[in-house]
Amino acid sequence: MSRPVQATVDLHALRQNLQVVRRAAPHCRVWSVVKANAYGHGIDRIWRALEGTDGFALLNLEEAILLRERGWKGPILMLEGFFHADELPLFDKYRLTTSVHSNWQVKALQDARLHAPLDVYLKMNSGMNRLGFQPERVQTLWRQLRDLGNVGDITLMAHFAEAEKTDGIAPAMARINQASEGLDCPRSLSNSAATLWHPEAHGDWVRPGIVLYGASPSGEWQDVAGSGIKPVMSLTSQIIAVQTLRAGDCVGYGSRYRATQEQRIGIVACGYADGYPRLARTGTPVLVDGIRTGTVGAISMDMLTVDLTPCPQAGIGTPVELWGNEIKIDEVAASAGTVGYELMCALAPRVPVVTV
Ligand SMILES: *Cc1c(COP(=O)(O)O)cnc(C)c1O
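Residues numbered from 1 in each chain as written. Predicted model: local features only at pLDDT ≥ 70, side-chain atom pairs only at ≥ 80, totals over all residues. Heavy atoms only, no water.

### Some thoughts on the site of the ligand
No. 1: The environment of the ligand is made up of 13 residues, and the closest members are Lys35, Tyr39, Ser192, Ile210 and Tyr341.
No. 2: In this structure, Tyr39 approaches the ligand through a side-chain N or O atom, which is 2.5 Å from an oxygen atom.
No. 3: Measuring from an oxygen atom of the ligand, one finds a side-chain N or O atom of Ser192 at 2.5 Å.
No. 4: In isolation the ligand exposes 390 Å². Once the protein is present, 92% of that is buried.
No. 5: In the shell around the ligand, the residues fall into 7 nonpolar, 4 polar and 2 charged. (Near = heavy atom within 4 Å. Polar contact = N/O pair within 3.5 Å; in protein donor to acceptor, adjacent residues only side chain to side chain. Areas by Shrake-Rupley, 256 points an atom, 1.4 Å probe, with all protein chains shown as cover. Nonpolar A, V, L, I, M, F, W, Y, C, P; charged D, E, K, R; others polar.)

Written as structure tokens, this is what we have:
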């Protein structure tokens, strides 16, 4: 028997989540965001389950080329565009749609020798101050790009900093509408949060990521509980040892947990070197033999410890769900001061993955 930690990727859930996105934005085309190795799920493993999408969005060339080599012929959007002009021959060869967010990229497109024009996403800074041109430059840049022989279709692209809040996108929407007034140009504005919660921002193409993988863009599972989305990744393991503590006994590094009475605890084969967050607090929810309990003490590199008080039947070999269908990744993330995005992206390479 090998070490029992394992991740499971549920392709049916992935397909179903794409349908939830379709229902939320019925008139839009969908860029399925598969950056960061499909948020840690493995782009090669999962992309076929998303074949019903209209396009894939990501940001590193190796992943784009992989999709082409596997046979994906539809659109691929490079969310950050090219990082250097010498990548343009590959954008040309693999027919990649490029974001353009800086002056040097416009110049590089102008100077490139391409076989055919590339479609361009003109990135506007709508207030987040990461990538993109200032709103007042959008109209000029749009005309400038339109006149370049190397540029095909142009779409206006922006991104929201606070789409998970009820009135979070209003200032950005106002800037976008003002910047693009009179411009006859398709738009792509919405991440998962805006796709689910701000239909006024849907535009022509939505760009959902996290919701496809079955976690909440707000970090609160509650916010998506009624939407039909299902967690795609589960992280499971087993109890490999049991200890019975007496009152006053401590657990783990730093003795961060101290028993106040006799207590059974289980040692689970999963630690931060598997991608479980080291900062998860005592009491972070864990499912042991189908029963909810919590962690006790510090998370180690290879192990973590759980309270067996609610599940006296549990012993060596008992199955444990660290996150998945019952224990939502959002809950574990919240208990560790982070978001589901970070946990799924951080699944460690040493964890074997099975697909169902
Ligand atoms: C990552 C990303 C998305 C997807 O965001 P989610 O919150 O995961 O839906 C959309 N657009 C851009 C530009 C991104 O970088």
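### Quick notes on the UniProt feature "binding site: substrate" (unreviewed entry) in the protein
No. 1: Summarizing the sequence annotation, UniProt attributes the feature "binding site: substrate" (unreviewed entry) to Arg130 and Met301 in the numbering used throughout. With the annotated positions falling across 172 residues, the maximum pairwise C-alpha distance of 34.3 Å shows that they are not confined to a single cluster.
No. 2: Checked against the element boundaries, Arg130 lands in the loop between strand 6 (118-123) and helix 7 (138-146).
No. 3: Since its relative accessible area comes to 59%, Arg130 is described here as exposed.
No. 4: Within the secondary structure, Met301 sits in the loop between strand 15 (291-294) and strand 16 (304-307).
No. 5: Of the residues examined, Met301 reaches a relative accessible area of 41% and is grouped as partly exposed.
No. 6: In this structure, Met301 is in contact with Gly271, Tyr272, Ala273, Asp274 and Arg350, ignoring residues within four places of it in sequence. (UniProt positions renumbered as here; feature names shortened; annotations may be inferred. Helix = DSSP H or I, 4+ residues; strand = E, 2+ residues; numbered from the N terminus. Buried < 20%, exposed > 50% of the residue type's maximum accessible area, 1.4 Å probe, protein only. Contact = heavy atoms within 4.5 Å.)

### Points about the UniProt feature "active site" (unreviewed entry) in the protein
No. 1: According to UniProt, the positions carrying the feature "active site" (unreviewed entry) are Lys35 and Tyr253. Taking the farthest pair of C-alpha atoms as the criterion, the annotated set spanning 219 residues is dispersed, since that pair is 35.3 Å apart.
No. 2: With respect to the element layout, Lys35 can be found in helix 2 (residues 35-39).
No. 3: Given the relative accessible area of 29%, Lys35 is considered partly exposed.
No. 4: When near neighbours in sequence (up to four residues on either side) are disregarded, Lys35 contacts Ala57, Leu58, Leu59, Glu63 and Leu79.
No. 5: With respect to the helices, strands and loops of the structure, Tyr253 is situated in the loop between strand 11 (250-251) and strand 12 (257-258).
No. 6: In this structure Tyr253 touches Ala298 and Ser300, once residues within four positions along its chain are discounted.

### Observations concerning the pairing of strand 5 (residues 97-100)
No. 1: Every second residue of strand 5 is oriented toward a common face, with Thr97 and Ser99 on one face and Thr98 and Val100 on the other, all of them buried.
No. 2: Bridge count for strand 4 (residues 76-78) against strand 5 is 2 bridges, and the pairing is parallel. Across the sheet, the residue bridging to Leu77 is Thr97, located in strand 5.
No. 3: Note on the crossover from strand 4 through helix 5 (residues 88-93) to strand 5: the handedness is right-handed.
No. 4: The pairing of strand 5 with strand 6 spans 3 bridges and is classified as parallel. In the sheet register, Thr98 faces strand 6, and the bridge partner there is Val120. (Pairing = 2+ DSSP bridges. Right-handed = clockwise from strand over helix to strand, strands pointing away.)

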